[in-house]
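# Architecture at a glance
As a plain string of letters, each chain reads:
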Amino acid sequence: MSARPVIIDCDPGQDDAVALLLAFASPAEIEVLGVTTVAGNVPLEMTERNARRIRDLAGKGGLGVYAGCARPLERELVTAEHVHGKTGIDGARLPEPEGAPAPLHGVDFLIETLHAPEAAVTIAALGPLTNIAAALARSPEIKRGIGEIVLMGGAIGLGNVTPAAEFNIHVDPDAAQIVFTSGVKITMVGLDVTHKAIVTADRLGAIEAIGTPVSQAVSGMLAFAADRHRGRIGGMGSPLHDPCVIAYLLDPALFGGREAHVAIETESALTLGRTVVDWWGVTGKAPNATVIDGIDADGFFALLTERLARL
Ligand code: BDR
Ligand code: CA
């Protein structure tokens, strides 16, 4: 089987960075066509730079990284330096990226690539959905070029940035609304999944033991994130959100879920960005997403560790 063409849209972010590395380590299954970056965990200038630093670390120097939207469609940007540190990838000691930023805007890259691809493209969406929504709004015909959007965002249950909402959806709920009502096939990997993918000391130790520059950078970032999560979210430990999306592409059998209708709250200040998942089908609305709620966490970390060792 040939590799699936994928665009990774992200806001690195330690967990975005690990997700990029997992994809770069898996060329037999995932052909990364390009990386688009968005403002989210930290401002755009930094997410773009971080994506290029991770690309260089993985030895993928020729791959295009395209800076997209610097702020949400209709709102002020909310960032998360309190979780990710000032750079977004604190904990990794990496040199400045090679070369200059790509001249093409991330939204233009999405539109150009998705306009008439040879094979339908999967989008792995790891940050606020601003770039993807902007591309869909400007050129709705690109829907035909998208096979599927697999996104980290939302929750059936509790939020993380507010009691009701998950960060990526909360930052740009208007973009999420466009994406979830677009008719494109969507798989939602939310907090119900990622809060089961906890970086325990043993799992961190296994990555550290690989003993390469990549494993050093990853374990540095994961140790930083573990530190920032101490005493937060009920002391459950540090969840590894975004790599779950890439692991889903590599081995969907590690995950479980069901189709459901997902609506996005865009008005209430109290619950802004909540993903209202009709798990029991009470609204009678047709499902617009496959909502993942289960993960074989040991299998996921085994896959991640084995793949990182290839870089
Ligand atoms: C999501 O928000 C960011 O902090 C992470 O990178 C992840 O994409 C988790 O809510
Ligand atoms: Ca992210």
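The following paragraphs examine the structure supplied in this document. (Residues numbered from 1 in each chain as written. Chains lettered and ligands numbered in written order. Predicted model: local features only at pLDDT ≥ 70, side-chain atom pairs only at ≥ 80, totals over all residues. Heavy atoms only, no water.)

## Here we look at the overall build of the protein chain
What the protein chain contains, in helices and strands, is 12 helices and nine strands. Whereas a compact globule of 311 residues would reach a radius of gyration of roughly 19 Å, the protein chain reaches 18 Å, a difference of no more than 12%. With the principal axes as the frame, the protein chain shows a C-alpha extent of 50 × 45 × 40 Å. Looking at the protein chain as a whole, 59% of its 311 residues are labelled buried. (Helix = DSSP H or I, 4+ residues; strand = E, 2+ residues; numbered from the N terminus. Rg over C-alpha atoms; globule rule 2.2 N^0.38 Å. Buried < 20%, exposed > 50% of the residue type's maximum accessible area, 1.4 Å probe, protein only.)

## Notes on the nonpolar core
If you look at the biggest cluster of nonpolar residues, it comprises 56 residues, and the most contacted ones within it are I8, V35, I246 and F255. If you tally residues by element for this core, the top one is helix α1 (residues 14–24), at eight residues. When near neighbours in sequence (up to four residues on either side) are disregarded, I246 contacts I8, A19, L22, A23, I30 and A124. The next biggest cluster of nonpolar side chains, apart from the first, holds 36 residues, and it includes Y66, V262, V277 and V291. (Core = buried A, V, L, I, M, F, W, Y, C linked by side-chain atoms within 4.5 Å. Contact = heavy atoms within 4.5 Å.)

## As for the state of the cysteines
Taken as a whole, this structure holds zero disulfides when the rule is applied. Left unpaired, C10 is separated from the closest cysteine sulfur, that of C69, by 13 Å. A residue is classified by how much of its surface remains accessible, and C10, at 0% relative accessible area, is buried. (Disulfide = S-S within 2.5 Å.)

## So, the site of ligand 1
The full set of residues close to ligand 1 is D15, D16, N41, H84, L126, M152, N160, E166, F167, N168, H241 and D242. Here an oxygen atom of ligand 1 and a side-chain polar atom of D15 are 2.6 Å apart. Contact distances for ligand 1 include 2.7 Å between an oxygen atom and a side-chain N or O atom of D242. Secondary-structure elements contributing two or more residues to the shell around ligand 1 are α1 and α6 (167–171). (Near = heavy atom within 4 Å. Polar contact = N/O pair within 3.5 Å; in protein donor to acceptor, adjacent residues only side chain to side chain.)

## Considerations on the packing of α1 against helix α2 (residues 44–57)
Running from N to C, α1 and α2 cross one another at 35°; their axes reach a closest spacing of 10 Å. For the pair α1 and α2, the sense of crossing is right-handed. Where α1 abuts α2, its residues A17, L20, L21 and F24 lie against A51, I54, R55 and L57. (Axes fitted to C-alpha atoms, helices over the stretch in contact; angles between N-to-C directions. Left-handed = near helix turned anticlockwise from the far one by under 90°.)

## Some thoughts on the sheet that holds strand β1 (residues 4–10)
Strand order in the open sheet made by the nine strands is β3-β2-β1-β4-β5-β6-β9-β7-β8, with mixed pairing throughout. Because the sheet does not close on itself, it has two edges, and the strands there are β3 (65–67) and β8 (275–278). The sheet shows a mean angle of 30° between the axes of neighbouring strands, taken without regard to direction. Note that strand β4 (residues 121–125) and strand β5 (residues 146–152) share five bridges and pair parallel. When the sheet's bridge partners are listed, T122 is paired in β5 with E148. The strands that helix α4 (residues 106–115) touches are β1, β2 (30–37), β3, β4 and β5; relative to β2, the one it contacts most, it runs at about 145°. (Pairing = 2+ DSSP bridges.)

## What about the coordination of the calcium ion (ligand 2)?
Taken together, D11 (OD), D16 (OD), D16 (OD), L126 (O) and D242 (OD) make up the protein donors of the calcium ion (ligand 2), found 2.2 to 2.6 Å from the metal. When its relative accessible area of 0% is taken as the criterion, D11 is described as buried. On the accessibility criterion, L126 (0% relative accessible area) is buried. (Donors = N, O, S within 2.8 Å, 3.2 Å for Na, K, Ca; no water.)

## Some thoughts on the environment of V35
Relative to the elements of secondary structure, V35 occurs in strand β2. Its relative accessible area of 1% is what places V35 among the buried residues. Distance from V35 to T305, taken between C-alpha atoms, is 22 Å for residues 270 residues apart in sequence. Sequence-distant contacts of V35, defined by excluding residues within four places in its chain, comprise I8, C10, L20, F24, A51, L63, G64, V65 and Y66.

## Considerations on helix α7 (residues 173–180)
Taking burial as the measure, the eight residues of α7 include six buried ones, the bulk of the element. Those residues of α7 lying buried are P173, D174, A175, A176, V179 and F180. Summarising the contacts, the buried residues of α7 are in contact with α5 (130–138), β5, α6, β6 (186–189), β7 (255–264) and β9 (289–295).

## Remarks on the pattern of salt bridges
Two side chains bearing opposite charge may form a pair once their charged atoms approach each other closely. Under the counting rule described, the total for this entry stands at 12 salt bridges. A salt bridge links D108 to R138; the nearest nitrogen and oxygen atoms lie 3.2 Å apart. With D108 in helix α4 and R138 in helix α5, the pair connects residues that are 30 residues apart, well separated along the chain. You can call D108 partly exposed: its relative accessible area is 26%. Across the salt bridge formed by D298 and R203, the nearest N and O atoms sit 2.6 Å from each other. (Salt bridge = Lys/Arg side-chain N within 4 Å of Asp/Glu carboxyl O.)

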